[in-house]
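Letter by letter, the chains look like this.
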Amino acid sequence: MSAASRAAERIASIGLIGASTELIEIDDVSDTIVSALSDERVLGVAVRGIDQGSVLGDDATLASIIDAHDAVMAQTMRIEIAAIETSRMLDDAGIDHRVLKGAALAHTASVRPADRSFRDVDVLVDGSDIDAAVALLVRNGATRAIAELRPGYDARFGKSVTLRHNGIEIDMHRVLSPGPFGVWMKPKELFLLKRTIEVGGHGLPTLDPTDHLVHACYHVALGQVTPVLSNLRDIAMLASSPTDPADEERFEETIKRWRGGAVVKRAVRLTQARLDATLPQFLSDYAHRPVPAAELEMIAPYLDEDPRGRFAALAPSTLKALPMSDRPAYALAVGLPDGSDPVARVKDILRRR
Amino acid sequence: MSDAFLNSQRFERVPAIERSLARGRRLVQPLDAETPTQLAGSAPLIWDLLDIAPSVDDLVPELQSRFTDSPEVIANGIRAALSMFINSSLVTASEATS
């Protein structure tokens, strides 16, 4: 690991429970620290550290970090407005939804919104509403990134539909993750407890802190082979919030019901490996807790470095996790997608993440 | 924008999103704007105070309690900030009734 990565880890840990309060000197990594902080999406935490005097460096390096944060915030605000517009459209159409990840966590699990940047809009709708939600956005100018494999696939098997509007990516989710763990989760439960955050005069509906923590764990464990520090920090912030704590009992029950023990175990281990933070015991216990072999073996397909390989690897395990009655339709959609040009459709599949 | 005009108006912030930047600066972007406006110096404070002090007359005593400048200097600074808010479509102005 590079010195800049280590410095980024220390910066990403600022303010977390159990983190060192020693000053962070970045003089020796001045040529690479900006890109490390940017890649790990923790420029906002660094800037707060600079303002508070806990991150020290030469003037030019600090100015570069500040400039990079200014630019990222301008882009994040564009995406936040897209999130508000998307939520308004869904509200007007009577489609119940929840804003997920960065657009919500910036206002709920961050010391201040400027700590948390994000690159796309993530919205959860019920599977029965996903076709209507996608059609609504398409009518308002968005375009689908990838065509539906077969009619009914999105509502029945898809993790999410990716749309683009004015250069901004909007992911309309049916579940929180692809593959077998997506099959095992019960996304309707995520609509039972609603929180609303006021942003720009609009009430954005989102998950409650416990469900956000569940999602953060799934995203870290299954979303990327090497998750960025910002996502690890989400877990630490959500797990240790003094003002809006996660419900430990409900978290454990959800993970048990969703068969996600292996997911949380991986998420906790990744978080502990890179952040200088003390996680609450209900969460840190997962690092050493035995998990069923069936869950553990389902993690492997998510760890393919190549996203195209990951989609292909997830198909057999998804098939295995689905009820028998759903397997023929899933196999047909993935193995023989709809459309007149089979070669192009196979390329579509390979492009899927 | 004349001093007389600015002194006679009440200002209301438009719905906008915000982000704090380093060195006390702020980005503010109305929902219908393409790009954010950067506020610096005393502008972020004046922006925050507009909810409770919507006119120059209301703002002067608020800032006087925080800064040592004369009321005239403070009023000039307030008018400069308000002009910028108007030019950036961050506020709407209406004739003060009292």
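The coordinates are above.
The structure contained in this document is the topic of the report that follows. (Residues numbered from 1 in each chain as written. Chains lettered and ligands numbered in written order. Predicted model: local features only at pLDDT ≥ 70, side-chain atom pairs only at ≥ 80, totals over all residues. Heavy atoms only, no water.)

Attention now goes to the overall build of chain A. A tally of regular secondary structure across chain A gives 17 helices and nine strands. Against the 2.2 N^0.38 benchmark of 20 Å for 353 residues, chain A shows a C-alpha radius of gyration of 20 Å, consistent with a compact globule. Viewed in the frame of its principal axes, chain A has a C-alpha envelope of about 60 × 45 × 40 Å. Counting every position in chain A, which comprises 353 residues, the buried fraction comes to 55%. Sequence-distant contacts, at least 24 apart, represent 70% of the contacts inside chain A between residues at least 6 apart. Here chain A displays about 14800 Å² of accessible surface, and carbon together with sulfur accounts for 53% of that area. (Helix = DSSP H or I, 4+ residues; strand = E, 2+ residues; numbered from the N terminus. Rg over C-alpha atoms; globule rule 2.2 N^0.38 Å. Buried < 20%, exposed > 50% of the residue type's maximum accessible area, 1.4 Å probe, protein only. Contact = heavy atoms within 4.5 Å. Areas by Shrake-Rupley, 256 points an atom, 1.4 Å probe, with all protein chains shown as cover.)

Within a sheet, adjacent strands bond to each other through the backbone by hydrogen bonds, running parallel or antiparallel. All names here are of chain B. With respect to topology, three strands assemble into an open sheet ordered S2-S3-S4, the strand pairing being antiparallel. If you trace the sheet from one side to the other, it starts and ends with strand S2 (16-20) and strand S4 (37-39), each paired once. Adjacent strand axes in the sheet meet at a mean angle of 25°, parallel and antiparallel pairs treated alike. (Pairing = 2+ DSSP bridges. Axes fitted to C-alpha atoms, helices over the stretch in contact; angles between N-to-C directions.)

Taken together, the contacts link 24 residues of chain A with 19 residues of chain B. Both faces considered, chain A and chain B share a buried interface measuring about 1500 Å² in area, 62% of it formed by carbon and sulfur atoms. Remark: the boundary between chain A and chain B carries three salt bridges. Put simply, A:Asp70 and B:Arg25 hold a salt bridge, and the shortest N to O gap is 2.8 Å. Listing elements by their share of the side of chain A that touches chain B, those giving two or more residues are helix H3 (43-52), helix H4 (59-92) and helix H5 (101-108) of chain A. In the side of chain A that touches chain B, the residues fall into 13 nonpolar, four polar and seven charged. (Buried area = accessible area lost by both parts, 1.4 Å probe. Salt bridge = Lys/Arg side-chain N within 4 Å of Asp/Glu carboxyl O. Nonpolar A, V, L, I, M, F, W, Y, C, P; charged D, E, K, R; others polar.)

Before going further, it helps to examine unusual backbone geometry. The phi torsion at A:Arg259 lies on the positive side, around 55°, for a residue other than glycine. Relative to the elements of secondary structure, A:Arg259 occurs in the loop between helix H11 (248-257) and helix H12 (261-274). Look at A:Arg259 and you get partly exposed, because its relative accessible area is 34%. Phi at B:Arg23 takes a positive value of approximately 60°, unusual for a residue other than glycine. Looking at where B:Arg23 falls in the secondary structure, it is placed in the loop between S2 and strand S3 (26-30).

A few words on the nonpolar core. Ranked by size, the top nonpolar core spans 75 residues in total, and within it A:Ile26, A:Leu213, A:Phe251 and A:Leu283 carry the most contacts. If you tally residues by element for this core, the top one is helix H9 (residues 209-223) of chain A, at eight residues. The residues touching A:Phe251, leaving out its near neighbours within four places in the chain, are A:Thr210, A:Leu213, A:Val214, A:Cys217, A:Val264, A:Phe282, A:Leu283 and A:Tyr286. Among the nonpolar cores identified, the runner-up in size contains 36 residues, and A:Ile81, A:Phe118, A:Ile130 and B:Leu31 belong to it. (Core = buried A, V, L, I, M, F, W, Y, C linked by side-chain atoms within 4.5 Å.)

Another point: the pairing of S3(B). Two faces, one strand: in a regular strand the side chains alternate between the faces of the sheet. Residues and elements named next belong to chain B. Across the five residues of S3, five count as buried, placing the element largely inside the fold. Judged by which residues are buried, S3 turns out to be covered on both faces: Arg-26, Val-28 and Pro-30 on one side and Leu-27 and Gln-29 on the other are all buried. Bridge count for S2 against S3 is five bridges, and the pairing is antiparallel. If you follow Ile-17 over to S3, its bridge partner there is Gln-29. Counting the residues that bridge the hairpin from S2 to S3 gives five residues, and of these Arg-23 lies at a positive phi of roughly 60°. In this structure, S3 lies alongside S4, joined through three bridges in antiparallel fashion. Across the sheet, residue Val-28 finds its bridge partner in S4, namely Thr-37. Between the antiparallel neighbours S3 and S4 lie six residues.

Turning our attention to the side chain of A:Ser54. Within the secondary structure layout, A:Ser54 lies in the loop between H3 and strand S2 (55-56). Each residue touching A:Ser54, except ones within four places of it in the same chain, is listed here: A:Ile14, A:Leu23, A:Ile24 and A:Gly49.

With that settled, consider helix H16 (residues 327-335) of chain A. The α-helix advances 3.6 residues per turn, and as a result positions three or four apart in sequence lie on the same side. All names here are of chain A. Along H16, the residues classified as buried are Tyr-330, Ala-333 and Val-334. Axial view of H16: buried residues confined to an arc of 90°, hence all on one face. In this structure, H16 carries Pro-328 and Gly-335 as exposed residues pointing more than 90 degrees from its buried face. (Arc of directions from axis to C-beta.)

Once that is clear, we can look at helix H15 (residues 307-321) of chain A. Along its 15 residues, H15(A) runs 20 Å from first to last C-alpha, staying within 8% of the 21 Å computed at 1.5 Å per residue. The complete set of buried residues in H15(A) reads A:Arg310, A:Phe311, A:Leu314, A:Ala315, A:Ser317, A:Thr318 and A:Ala321. (Expected span 1.5 Å × (residues − 1).)

What follows concerns the pattern of salt bridges. On inspection of all chains with the given rule, the structure shows 26 salt bridges over all chains. Residues A:Glu189 and A:Arg257 are paired through a salt bridge, measuring 2.9 Å at the closest nitrogen-oxygen approach. Of the two residues, A:Glu189 sits in the loop between helix H8 (179-184) and strand S8 (194-199) while A:Arg257 sits in helix H11, which places them 68 residues apart along the sequence. Look at A:Glu189 and you get buried, because its relative accessible area is 18%. Of the residues examined, A:Arg257 reaches a relative accessible area of 37% and is grouped as partly exposed. If you follow the salt bridges from partner to partner, you end up with B:Arg13, B:Glu18, B:Arg26, B:Asp48 and B:Asp51 in one network.

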